[in-house]
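# Commentary on secondary and tertiary structure
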Amino acid sequence: MRSPSLGLALVGAAAAATQLSAIGSRGDRVNNVAIIGAGAAGSSAAYHLQRYAAQEGVPINITILEKTEHIGGRTVTVNIYDDPALPIEQGASIFVAVNHILYNATKHFDLPFGSLRDDEPGDITAIWNGNDIVWQAVEGSSWWWDVARMWWRYGLAPYRAVQLVKDVVGTFLRLYEEPHFPFRSLTQRAFELGLHKVTAITGEQFLAEKNIKGGFTTDIMQAATRVNYASNLAHIHGLEAMVSFAAEGAMSVAGGNWRIFDKMVRASGAALLRNTTVASIAFAKGDVEPGAPRKYIISARDAGEQTADAQELATAFDNVIIASPWQYSNIGAAEGVLKHHIDEIPYMKLHVTLFASPFKLRAEYFKLQPGSKAPSNVYTTLGPDEEAKQGPDGVGKTGFYSISTLRHVVNPKTHKREFVYKIFSAEAVTPEFLSRILGVKVPDSFVGSTQEDGAPAAAVEPISWYRPHWFHSYPIELPRVTFQDPIIGPGLYYTSGIESFISTMETSALMGMNVARLIADDVAGKKREPDTMPSGQDAKGESPVLQPDEL
């Protein structure tokens, strides 16, 4: 698979279309599809569109435009000490066994799994509320002992929570199957499956409704929503709260999860234009045959030349898939292109800091007695006297969402063993904070000299390697019952609307697969039963506000 420059692509895409049009099994003209973004959704869309088109015997020409050099979107892998033999995830780190698209892709592409953490016997994983450690588990201890302690402290709440998660996730998985797949309206599918009742209220309300209350929700469930979505239970809807707790069978790909999406792009046979910023989408000029849909023209520029004029790609596209959040794309849409308004969803700005140090975490920082063994991994929740707030203000007195000890490595300069840490926080990590958690002075100039683009600062003891970054990682998942439709114009599709429903690598890949199926069906003239109108909706498709007694 080649990755041509934008200049070559202006004529290359048209040539590829001409070539493919001659080999379509039905003798039909080629259908040109542009995908904007090579993240989970865009990569999945390309991969599945190629497969579905082959099944239907229709010729498809796919062009992917990616504004960075990177395939995989929010999956970001960096190398400890800049050593390619020591890759580590800074972006989307794990997926789970029920993530069918990602898991099946690892098998299809023969991608090996990597270790999530280098835990050792006796390592402690703790949940801390800023004052007290409210729960901890010791690596190597008996599973039955941990279960017994959980039941002794929280009664039936853990059992009820596990069963509830299985039930909700099981219902969601029906979206992968006919007649629920593919879908032209996510809102309608949510109503059909009853999932609107889960998204309409907060995780806190949903759990209380199912008689799961008290310390288990604030200690355990809230720690899960914070580490997974940087949100407290009172400010995340019930469906996403359940997803936060569905961590059974967590896994990652050796060398980086981005490899899944790289393999998908390669298998699709798409022309990939890296470092290409899309400036605008407009209708192609010229006469259109009666009843024929209008085609789209995309204008783009090299990502490093933001002041340069955008150029039109030579190919006119029958379909365009916008596979990245619209609000961050800076794409202009010509008049009439967007038939449906695209919702702007508030995203969390999450700081993810990786660093290596010869020092372990300091027990006293977590209010433990001097000489006590400090936890290796710390998840946080709110203290009993704290108000659960929304967004970054909700981090509370702990000041961070999690600190994990991911790896044990050998410093190439000192040849001594060190620990690699990962911190999730609402604000950028400071030298003062690092000094307090490690119990050793970190110079003020250390973090301050780090470049804004995430380039590592010079090695300074007691930190030998440092790599900060921030992401618009996931939406603030507030309760709602309507969601963005994937079809926003004739032949124009949008994948990020699923983010306010569930935000994961897998669900982005699901929406990519969904729009791929819709396009393949439309090109092949394949008709399916239309999405049904949920009971209680009016003729305009607007959902009434649910009352508490309806939930």
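Presented here is a report on the structure given in the accompanying data block. From a predicted model like this one, the values you see are computed outputs, not experimental measurements.

### Examining unusual backbone geometry
Look at the link from Glu 178 to Pro 179: it is a cis peptide, with omega at 5°. Take Pro 179: it is sitting in the loop between helix H5 (157-172) and helix H6 (186-192). Going from Phe 181 to Pro 182, the amide bond is cis rather than trans, its omega being -5°. Within the element layout of this structure, Pro 182 appears in the loop between H5 and H6. In this structure, Asn 211 is a non-glycine residue whose phi angle is positive, near 65°. With respect to the secondary-structure elements, Asn 211 resides in the loop between helix H8 (203-209) and helix H9 (215-229). A relative accessible area of 42% means that Asn 211 is categorised as partly exposed. We note that His 415 has phi near 60°; this positive angle belongs to a residue other than glycine. For His 415, the position within the fold is in the loop between strand E17 (402-410) and strand E18 (417-425).

### Focus: the sheet that holds strand E15 (residues 347-357)
With respect to topology, seven strands assemble into an open sheet ordered E7-E6-E16-E17-E18-E15-E19, the strand pairing being mixed. Across the chains shown, the open sheet's two edge strands, defined by having one partner strand only, are strand E7 (133-138) and strand E19 (465-475). Going across the sheet, the axis of each strand differs from the next one's by a mean of 20°, ignoring polarity. Relative to E19, E15 is paired through nine bridges, and the arrangement is antiparallel.

What counts, and at which threshold
Residues numbered from 1 in each chain as written. Predicted model: local features only at pLDDT ≥ 70, side-chain atom pairs only at ≥ 80, totals over all residues. Heavy atoms only, no water. Helix = DSSP H or I, 4+ residues; strand = E, 2+ residues; numbered from the N terminus. Buried < 20%, exposed > 50% of the residue type's maximum accessible area, 1.4 Å probe, protein only. Pairing = 2+ DSSP bridges. Axes fitted to C-alpha atoms, helices over the stretch in contact; angles between N-to-C directions.

What is shown is where atoms sit, not what they do.
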